[in-house]
Amino acid sequence: MPGVIVLAGGRGTRMGGVDKASITLAGERLIDRLLRQLPYGAPVAVVSPYRLGMPQVCESPLFGGPAAGIAAGHAALVSSSEPTTAIFAVDAPDSPRILPVLEQALESSDADAAVAALDGSLQPLCALWRTKALTRALEELGDPRNKPAMHLLRLAGTITEVEATPAVRDIDTLEELRLRRERLATQR
């Protein structure tokens, strides 16, 4: 079972500066929807400066970007002895559905990370790392503030790509949120 880092602390600027973790989709907050889909008992580090009513950590200084959030989450999971670490973003609340595929891809390779690819683009915030490789990449990265997750991913020795389903698509704008809500309403 992997340790899990959930990045839930962005500024949400493309959505008008809202806390994305607290946005509701199908009657539940994005953070709760994502956490519900994780393996039971998995060690989880939720990274967010917003009060979510659950244990969480923050990067310092706040809003330091994805790599800083990953570093803060990784530090919080340091007592976990899990051999792998999953990284998910709260604005892609259904992304944990791909975790079994990421696990299979990583287990059947000697890669340092298995990463979802959607529409030909790698999704570094939907990935499963070997924990030792993530530790090494964070050390090589140095100060993670204001560095993109893709920069961290480039420090992995090797990666294996996993073709993703639309479940890993993130919600970045109010229009994307509206469309996702409509799609879910028609599926009921």
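Before reading on, note that the structure itself is shown above.
Rules used throughout
- Residues numbered from 1 in each chain as written.
- Predicted model: local features only at pLDDT ≥ 70, side-chain atom pairs only at ≥ 80, totals over all residues.
- Heavy atoms only, no water.
- Salt bridge = Lys/Arg side-chain N within 4 Å of Asp/Glu carboxyl O.
- Helix = DSSP H or I, 4+ residues; strand = E, 2+ residues; numbered from the N terminus.
- Buried < 20%, exposed > 50% of the residue type's maximum accessible area, 1.4 Å probe, protein only.
- 1 Å grid on protein atoms, 1.4 Å probe; cavity = no way out; pocket = protein on both sides within 12 Å on 5 of 7 lines; lining within 4 Å.
- Points joined across faces, edges and corners; volume = space filled by probe spheres on them.
- Nonpolar A, V, L, I, M, F, W, Y, C, P; charged D, E, K, R; others polar.
- Arc of directions from axis to C-beta.
- Contact = heavy atoms within 4.5 Å.

**Describing the pattern of salt bridges**
- Here the structure, examined in full by the defined rule, presents ten salt bridges.
- Here Glu28 and Arg36 are joined by a salt bridge, their closest N and O atoms 2.7 Å apart.
- Across the pair Asp112 and Arg136 runs a salt bridge whose closest N-O atoms are separated by 3.4 Å. Placement of the pair is Asp112 in the loop between α3 (99–107) and β6 (113–118) and Arg136 in helix α4 (residues 131–141), with a sequence separation of 24 residues.
- The class of Asp112 is buried, set by a relative accessible area of 12%.
- Residue Arg136 is classed as partly exposed on the basis of its relative accessible area of 37%.
- Each of the salt bridges in this network shares a partner with another, and the network as a whole consists of Glu28, Arg33, Arg36, Asp94 and Arg97.

**Examining the layout of surface pockets**
- What the largest pocket holds in volume is close to 670 Å³.
- Lining the largest pocket we find 29 residues, and of these Gly10, Lys20, Pro66, Asp91 and Leu125 sit closest to its centre.
- Among the secondary structure elements, those contributing two or more residues to the lining of the largest pocket are α2 (66–76) and β7 (121–130).
- Its residues assigned to classes, the lining of the largest pocket shows 13 nonpolar, eight polar and eight charged.
- Taken as a whole, the second largest pocket spans an internal volume of roughly 190 Å³.
- Looking at the second largest pocket, the residues that line it are Arg33, Asp94, Arg97, Pro166, Ala167, Arg169, Arg180, Arg183, Leu184 and Gln187.
- At four residues, helix α6 (residues 174–187) tops the list of elements feeding residues into the lining of the second largest pocket.

**Here's the deal with α3**
- Among all positions of α3, only Leu99, Leu102, Ala105 and Leu106 are buried. Viewed end-on, α3 has its buried residues packed into an arc of 125 degrees, placing them on one side of the element. Counted as exposed and oriented over 90 degrees from the buried face of α3: Pro100, Gln104 and Glu107.
- In the core, the buried residues of α3 are packed alongside β5 (84–89), β6, β7 and β8 (159–163).

**A look at the environment of Lys147**
- Tracing the backbone through its elements, the reader meets Lys147 in the loop between α4 and α5 (149–154).
- According to the relative accessible area criterion, Lys147 is partly exposed, its value standing at 25%.
- For the pair Lys147 and Gly65, spaced 82 residues apart in the sequence, the C-alpha separation amounts to 6.3 Å.
- Residues contacting Lys147, with those up to four places away along its chain left out, are Gly64, Pro66, Ala67 and Leu141.

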